[in-house]
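Listed below, chain by chain, are the residues.
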2 protein chains.
Amino acid sequence: MDSDSAADGFTAMGSTARLDVLRALVRAGPAGRPVSDIQATLGIPASTLTHHLKALADAGLIIQEKTGRSIISRANYDQLEALAAFILSECCSEEGRNHG
Amino acid sequence: MDSDSAADGFTAMGSTARLDVLRALVRAGPAGRPVSDIQATLGIPASTLTHHLKALADAGLIIQEKTGRSIISRANYDQLEALAAFILSECCSEEGRNHG
DNA sequence: TCCATATTTCGATAGTCCTAGAAATATCGA
DNA sequence: TCGATATTTCTAGGACTATCGAAATATGGA
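Keep in mind it's a predicted model, so treat the numbers as computed, not measured. (Residues numbered from 1 in each chain as written. Chains lettered and ligands numbered in written order. Predicted model: local features only at pLDDT ≥ 70, side-chain atom pairs only at ≥ 80, totals over all residues. Heavy atoms only, no water.)

**Q** I keep staring at the protein's contact with DNA strand C and nothing clicks. Help me out?
**A** Around DNA strand C, the structure places 20 residues, and the nearest of them are A:Ser36, A:Thr50, B:Arg18, B:His52 and B:Arg69. Take A:Val35: an N or O atom from its main chain is 3.3 Å from a phosphate oxygen of DNA strand C. Note that a base oxygen of DNA strand C is positioned 3.0 Å from one of the side-chain N or O atoms of B:Ser47. Elements with a minimum of two residues in the surface near DNA strand C: helix H3 (35-42), helix H4 (46-58) and strand S3 (70-75) of chain A together with helix H2 (16-28) and helix H4 (46-58) of chain B. With 4 residues, the single largest contributor to the surface near DNA strand C is H4(B). Here the residues of the surface near DNA strand C are counted per class, giving 6 nonpolar, 10 polar and 4 charged. (Near = heavy atom within 4 Å. Polar contact = N/O pair within 3.5 Å; in protein donor to acceptor, adjacent residues only side chain to side chain. Helix = DSSP H or I, 4+ residues; strand = E, 2+ residues; numbered from the N terminus. Nonpolar A, V, L, I, M, F, W, Y, C, P; charged D, E, K, R; others polar.)

Printed below as a string of structure tokens:
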């Protein structure tokens, strides 16, 4: 995980609307949820929801798969774990240094 | 940790410049670093750096303390841990449900 | 083919954010 | 008080973002 893709990931989580969508998918587990189902739960207009889902997918936080007329979105747990671990990685590695 | 303050925290981490500043502080450990020291390491103009530090402080990700002419910034490890934990909290709690 | 369902693309508006130079403020030492 | 150091505030422009209605696209069934 490099700094740039981590920042992309955090940007994607950095709006209430998008974080709510992501968490709905995290709660749903590996089965994921279709767009229309998320929309019914959160009450976001379809075009806005598509926009946010694309942002989450571009950042690698979710994975989308088309089945029939539906698109199933799933949380990308590996990526989410990597981001969570990134926050405090290298913690205190320079503790006590006066220069550098 | 509610969704709104989590989103604020992730927004603060959602730019490369700011994430680099935060990580410099995470690496530094509890001793923290003065602004001028961060500036020397990262090469960011002072006014830009102040702007980013304020954003990080407003989101509760860092804590600033004035000592003499310097301001020491420290990572707020409790808040960072809470954000890391938030990402996957409630994971799969609705797994298997078809409605709701 | 025709219709209903599911989702995306387009387009436009309003608002927010990043960056950074210049000027201002605060602190310490001589 | 004067100067050096440390940091913030002011200001501004260009870039990016969120929102969402309307129109378009894709799929499956009758």
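**Q** Honestly, the sheet that holds strand S1 (residues 33-34) of chain A in this entry has me stumped. Any pointers?
**A** Strand-to-strand pairing in sheets goes through backbone hydrogen bonds, with the strands running parallel or antiparallel. Residue and element names in this part refer to chain A. Strand order across the open sheet formed by 3 strands is S1-S3-S2, with antiparallel pairing between neighbours. Only two strands of the sheet have a single neighbouring strand rather than two, namely S1 and strand S2 (62-67). As judged from the 6 bridges shared by S2 and S3, these two strands associate in the antiparallel manner. Each residue of the ladder has a partner; that of Ile-63, found in S3, is Arg-74. (Pairing = 2+ DSSP bridges.)

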